[in-house]
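# Observations on the three-dimensional arrangement
What follows is each chain in one-letter form.
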Amino acid sequence: MKIYLSVDMEGVTGLTDPEEMHAGGRGYERGCELMTGDANAVVEGAFSAGARSVLVNDAHGSTKNLRIDLLDPRATLVRGPGKPHRMGQGLTGEFDAACFAGYHARAGVQHGVLNHTWMGKEIHNVYLNGAICGETRLVAGFAGSLGVPVALVTGDEAVCEEAAELLGDVETVAVKTGIDRFSAELLPPSVAWERITQGAARALGRLPELRPYVVPPPYTLGVEWNSTAIAAACAVVPGVKQVGPRHTEFTTADYHEIMALFGIFSMIGGHVACGSGAYG
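Residues numbered from 1 in each chain as written. Predicted model: local features only at pLDDT ≥ 70, side-chain atom pairs only at ≥ 80, totals over all residues. Heavy atoms only, no water.

Bringing the overall build of the protein chain into the picture now. Check the secondary structure of the protein chain and you find six helices and 12 strands. Against the globule reference of 19 Å for 280 residues, the protein chain gives a C-alpha radius of gyration of 17 Å, in line with a compact fold. Along the first, second and third principal axes, the C-alpha atoms of the protein chain reach 50 × 40 × 30 Å. By residue count, 56% of the 280 residues in the protein chain fall in the buried class. Pairs at least 24 residues apart make up 69% of the contacts formed inside the protein chain by residues separated by at least 6 positions. For the protein chain, the accessible area works out to roughly 11,100 Å², and carbon and sulfur atoms hold 54% of it. Positive and negative charge centroids in the protein chain, built from 21 and 31 side chains respectively, lie 3 Å apart. (Helix = DSSP H or I, 4+ residues; strand = E, 2+ residues; numbered from the N terminus. Rg over C-alpha atoms; globule rule 2.2 N^0.38 Å. Buried < 20%, exposed > 50% of the residue type's maximum accessible area, 1.4 Å probe, protein only. Contact = heavy atoms within 4.5 Å. Areas by Shrake-Rupley, 256 points an atom, 1.4 Å probe, with all protein chains shown as cover. Lys, Arg positive; Asp, Glu negative; His and termini not counted. Charge placed at Lys NZ, Arg CZ, Asp CG, Glu CD.)

Listed below in structure tokens is the structure:
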């Protein structure tokens, strides 16, 4: 088996504070170690289930968070900015399954730890073909467009519920239970990592049962911004239409363009918001 692993940070074992997500913040270096621990737990489970290779993609923020010196040596890592497909960088139809670790609930989900969709403050909601969309749905849809099923999702309890509702019989592992956006009841890392390893092995052990999550094309990406200024700026991008004071839409037959557009939106949205921080 050839396995793809996308690793975000807000859903990582032990983390609740926005400062732990950003270089220079209090606890960030330890956060990177914990993020790498979650990734290694998936890698361990994947190889125990018979994987022959695992490609890990650092899918959070700067995409320079995972510790390559601490990564399981059987895996390889995609790291650094400038990745056109961002959270799905490196994923192709050659993979047998995709796994998501450290994921979080979409914007506005009650009890979702650090809940947001793509940007912590600038985006209120994202819609894919008219239905509300979090990052789990966004990346699962990308995988599905390539014929790749999602086998495992780890993160807080809220994202596990979101994934189960969306993907059906996907394997999920909750490493924390949200109290509010910045607080949670946590599992110790040793306990969480054992559960993740076991969950990954279970998921890949029943891979023949899993089916890709397919969104029918064409794909329409709708974004509800928190600012009229950001919506107007994003509407300058060719193909993007402003359909309301704070709403933009983009339609394409190629899901790769959906993934790539979010990178552009992040740059524009962050610039227009005057660098006022990733979380509100």
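The next thing to look at is the packing of helix H1 (residues 28-48) against helix H4 (residues 189-205). Two elements in contact, H1 and H4, have axes whose closest approach is 7 Å; the angle formed by their N-to-C orientations is 35°. The handedness of the crossing between H1 and H4 is right-handed. Across from Leu 34, Gly 37, Asp 38, Ala 41, Val 42, Glu 44, Gly 45, Ala 46 and Ser 48 in H1, the residues of H4 making contact are Pro 189, Trp 193, Ile 196, Thr 197, Ala 200, Ala 201 and Leu 204. Looking at the contact of H1 with H4 residue by residue, the class counts come to 10 nonpolar, four polar and two charged. (Axes fitted to C-alpha atoms, helices over the stretch in contact; angles between N-to-C directions. Left-handed = near helix turned anticlockwise from the far one by under 90°. Nonpolar A, V, L, I, M, F, W, Y, C, P; charged D, E, K, R; others polar.)

All right, on to the pattern of salt bridges then. Under the criterion given, the structure shown has 14 salt bridges. Of the charged contacts, one joins Glu 33 and Arg 67 as a salt bridge, the two residues approaching to 3.5 Å between their closest N and O atoms. Placement of Glu 33 in helix H1 and of Arg 67 in the loop between strand S2 (53-58) and strand S3 (75-78) is noted, with a sequence separation of 34 residues between them. The class of Glu 33 is partly exposed, set by a relative accessible area of 30%. Accessibility expressed as a relative area gives 24% for Arg 67, which makes it partly exposed. (Salt bridge = Lys/Arg side-chain N within 4 Å of Asp/Glu carboxyl O.)

On to helix H6 (residues 255-272). A rise of 1.5 Å per residue sets the reference length of H6, with its 18 residues, at 26 Å; its end C-alpha atoms lie 26 Å apart and thus fit the reference within 8%. By the burial criterion, the buried members of H6 are Tyr 255, Ile 258, Met 259, Leu 261, Phe 262, Gly 263, Phe 265, Ser 266 and Gly 269. Those residues of H6 that are buried lie in contact with strand S5 (123-128), helix H2 (135-145), strand S10 (219-225), helix H5 (228-234), strand S11 (240-244) and strand S12 (247-252). With a side-chain oxygen lying 3.0 Å from the backbone nitrogen of His 256, the N-terminal cap of H6 falls on Asp 254. (Expected span 1.5 Å × (residues − 1). Polar contact = N/O pair within 3.5 Å; in protein donor to acceptor, adjacent residues only side chain to side chain.)

As a further point, take the nonpolar core. The biggest cluster of nonpolar side chains holds 47 residues, and the ones touching the most others in it are Val 153 and Trp 225. Elements represented by at least two residues in this core include exactly strand S4 (97-103), S5, H2, strand S7 (150-156), helix H3 (157-167), S10, H5 and H6. Ranked by the residues each element gives to this core, the list is headed by H6, at six residues. Residues in contact with Val 153, not counting those within four places in the same chain, are Phe 100, Tyr 103, Val 159, Cys 160, Ala 163, Leu 167, Val 170, Glu 171, Thr 172 and Val 173. Grouped together as the second largest cluster of nonpolar side chains are 41 residues, Ile 3, Val 175, Ala 184 and Ala 192 included. (Core = buried A, V, L, I, M, F, W, Y, C linked by side-chain atoms within 4.5 Å.)

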